[in-house]
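Observations on chain architecture
Each chain, letter by letter, is given below.
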Amino acid sequence: MSTTMPPNVVPYPNQDGRPQRRAEDRVNARRPMRRAGDGVASKHGVTLVVPAQNEARNIPWVFEQIPRCVDEVILVDGSSDDATVPMARHCLPTVRSVQQCGPGKGNALRTGFAAASGEYIVMMDADGSMWPGEIPHFLHFLDHGFDFVKGSRCIAGGGSLDLTKIRSLGNRALLAVVNYLYDASLTDLCYGYCAFRRSFLDALDLRSTGFEIEAEMIAHALRSGLRIAEVPSLELPRRSGRSHLHAVSDGRRVLRTLISERPGARSSAAVAAEER
């Protein structure tokens, strides 16, 4: 089930209506800008999982914007050869840094999920394309009975400042596939800003190693009958560096995942069990 409800939270507190984008954009020099409602904590422990590979230049902005409702931050390092890990520890001394168990974003996320201790897990990228100030929106729906919450750039209040034409076409095509195969009514697919209850990790049964893990999560959540909510999210441009995403090849992997995991098909877990 897909449910879209605008949360009663003001998403962008800046006077010009835009997300806080720069490390130097502060009310004063000693204190980073925060959301007006950050003081309201969730009813449950919250772990933020951030996979990162060579994101030292982006980490300060991302970590500065993390709201106070997050109890634990796990940085999953993909063997960075820059100062990603030292920078993370400098910006947030309490951060937990773990090394991912294999190559690919999927491996990184699964490593972070396994290390998480919070009852709620939020996943987001380290490149500055996702605003941490939106995290309370996701927690609002988890606190009110939903099991899996995903950001959408395609509903009122959401959008993208970084969506290329080819990525937009690919996302719409894959979205049509998932809605058809899974009898769903989602509005966005290829966007990895999500939150879920840790108790459903077994139901999600994640096995993917690359970017297709985001589609696998949604496919398994739909197959398992989890209560899914979409919340508006604004995708921002990567602050620096190049994206690790390859639109065509990763799009093919997402399509294969959606087809292989569709209702009525043998799941990847069943195939793996038969091979053993």
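Residues numbered from 1 in each chain as written. Predicted model: local features only at pLDDT ≥ 70, side-chain atom pairs only at ≥ 80, totals over all residues. Heavy atoms only, no water.

Observations regarding the overall build of the chain
Within the chain one finds nine helices and ten strands. With 276 residues in all, the chain has 53% of them scored as buried. Contacts in the chain between residues at least 24 apart in sequence constitute 78% of all its contacts with a sequence separation of at least 6. (Helix = DSSP H or I, 4+ residues; strand = E, 2+ residues; numbered from the N terminus. Buried < 20%, exposed > 50% of the residue type's maximum accessible area, 1.4 Å probe, protein only. Contact = heavy atoms within 4.5 Å.)

With respect to the pattern of salt bridges
If you walk through the whole model with that rule in mind, you get 15 salt bridges. With a closest N to O distance of 2.7 Å, Arg 227 and Asp 147 form a salt bridge. Taken together, the positions of Arg 227 in the loop between helix 7 (213-223) and strand 9 (228-232) and Asp 147 in the loop between helix 4 (135-143) and strand 6 (148-152) put the pair 80 residues apart, joining distant regions of the chain. We classify Arg 227 as partly exposed; its relative accessible area is 40%. (Salt bridge = Lys/Arg side-chain N within 4 Å of Asp/Glu carboxyl O.)

A word on the side chain of Glu 261
Structurally, the position occupied by Glu 261 is in the loop between helix 8 (247-260) and helix 9 (268-275). Here His 220 takes part through its side chain, which lies 2.7 Å from a polar atom of the side chain of Glu 261. (Polar contact = N/O pair within 3.5 Å; in protein donor to acceptor, adjacent residues only side chain to side chain.)

Here we look at the pairing of strand 9
Remember that side chains alternate between the two faces of the sheet whenever the strand is regular. Along strand 9, five of the five residues are buried, which leaves the element largely enclosed by surrounding structure. Where burial is concerned, the two faces of strand 9 agree: the one with Ile 228, Glu 230 and Pro 232 and the one with Ala 229 and Val 231 are both buried. In terms of strand pairing, strand 6 meets strand 9 through five bridges, oriented parallel. What sits directly across from Gly 151, in strand 9, is Val 231. (Pairing = 2+ DSSP bridges.)

Spatial relationships are all this shows, so hold off on functional conclusions.
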